[in-house]
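Structural overview
One-letter residues, chain by chain:
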Amino acid sequence: MAAARRFDLSHPHALAVYCSDGRFTDAVEELLHGLGHARLDTLTIPGGPALLDLTSSGTGALDTTRAAASFLVRGHGLRHVTLLAHEGCGYYRERYRLESPEAMLRRQLADLRGAARWITNTHPSIEVALYFARIEAGVVVFDAVTLAATR
Ligand SMILES: [Zn+2]
């Protein structure tokens, strides 16, 4: 079997960091294409951007994920990083079993912002965008998340 599209030697300029949960993969790619990123580097791991912030990550996973993100940013000359968290994330449910849905959302948004701070501090030239994916009327809806906590 051969892929339909010709291989493009140049690296994409955008990286998406999101959870491995395949129920969201197509929607995430659709969002990023809509944002003008026709091609993407991806960093997917259970919990996604949670692994870039110490609050909800172990130090080993934190180091590994940060090293992977920095490798892509530097090695591939990236200009945009999009960090995405999602509703009902199994990584968070397992880590914070007794958390209410409201507290979990606050925690995920705080982690998302923490991950964004790390990116912008470590790679100042990178433009960062944050999204929270939730299910509404049977489809995935993405809410843009501001870098500063305003809600
Ligand atoms: Zn998840």
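Observations concerning the pattern of salt bridges
Close approach of charged atoms allows side chains with opposite charge to pair. Per the counting criterion, the structure on display carries five salt bridges. Across the pair R23 and D21 runs a salt bridge, and its minimum N-O distance is 2.6 Å. Close ionic contact of E136 with R134 constitutes a salt bridge, the shortest N to O distance being 2.4 Å. A residue is classified by how much of its surface remains accessible, and R134, at 24% relative accessible area, is partly exposed.

Observations regarding the coordination of the zinc ion
Donor atoms from the polypeptide that bind the zinc ion are C19 (SG), H86 (NE2) and C89 (SG), placed at 2.1 to 2.3 Å. Written as a sequence motif, the donor arrangement for the zinc ion is C-x66-H-x2-C. The class for H86 is buried, based on a relative accessible area of 4%. A relative accessible area of 3% places C89 in the buried class.

Topic: the nonpolar core
Among the nonpolar cores identified, the biggest contains 22 residues, and L52, V81 and L83 are the most heavily contacted of them. Examining the composition of this core, we find that six residues originate from one element, helix α4 (residues 101-122), more than from any other. Setting aside chain neighbours within four positions, we find V81 in contact with L15, V17, V73, I119, I126, E127, V128 and A129. In this structure, A14, A27, L31 and Y131 belong to the second largest nonpolar core, which totals 13 residues.

Let's talk about the environment of A85
For A85, the location among the structural elements is in strand β3 (residues 80-86). A relative accessible area of 9% places A85 in the buried class. Spatially, the C-alpha atoms of A85 and L130 are 8.3 Å apart, while their sequence positions differ by 45 residues. When sequence neighbours within four positions are dropped, the list of residues in contact with A85 reads Q108, L112, Y131, F132 and A133.

A closer look at the sheet that holds strand β5 (residues 139-145)
With mixed pairing, the five strands of this open sheet are ordered in space as β2-β1-β3-β4-β5. Taken across any chain shown, the strands that pair with only one partner, and hence form the sheet edges, are β2 (41-44) and β5. Each strand axis lies, on average, 25° off the axis of its neighbour in the sheet, ignoring direction. Judged from the four bridges that link them, strand β1 (residues 14-18) and β3 form a sheet pairing that is parallel. In the sheet register, A14 faces β3, and the bridge partner there is H80. Helix α2 (residues 59-75) contacts β1, β2 and β3 of the sheet and is inclined by roughly 180° relative to β2.

A short note on the packing of aromatic side chains
For the coordinates displayed, the defined rule picks out two aromatic pairs. Between Y91 and Y92, the ring centres sit 5.7 Å apart and the planes meet at 80°, which makes this aromatic pair edge-to-face. Across the pair, exposure class does not vary: Y91 and Y92 are buried alike. Seen in terms of ring centroids, Y92 and Y96 are 6.2 Å apart; in terms of plane orientation they differ by 25°. Their pairing is stacked. Grouping residues by exposure puts Y92 and Y96 together as buried. Members of the aromatic cluster, each reached through a chain of ring pairs, are Y91, Y92 and Y96. A cation over a ring is seen here: R107 above Y96, with NZ or CZ 3.6 Å from the ring centre.

About the thresholds
- Residues numbered from 1 in each chain as written.
- Predicted model: local features only at pLDDT ≥ 70, side-chain atom pairs only at ≥ 80, totals over all residues.
- Heavy atoms only, no water.
- Salt bridge = Lys/Arg side-chain N within 4 Å of Asp/Glu carboxyl O.
- Buried < 20%, exposed > 50% of the residue type's maximum accessible area, 1.4 Å probe, protein only.
- Donors = N, O, S within 2.8 Å, 3.2 Å for Na, K, Ca; no water.
- Core = buried A, V, L, I, M, F, W, Y, C linked by side-chain atoms within 4.5 Å.
- Helix = DSSP H or I, 4+ residues; strand = E, 2+ residues; numbered from the N terminus.
- Contact = heavy atoms within 4.5 Å.
- Pairing = 2+ DSSP bridges.
- Axes fitted to C-alpha atoms, helices over the stretch in contact; angles between N-to-C directions.
- Phe/Tyr/Trp six-rings, centres within 6.5 Å; stacked < 30°, edge-to-face > 60°.
- Lys NZ or Arg CZ within 6 Å of the ring centre and 35° of its normal.

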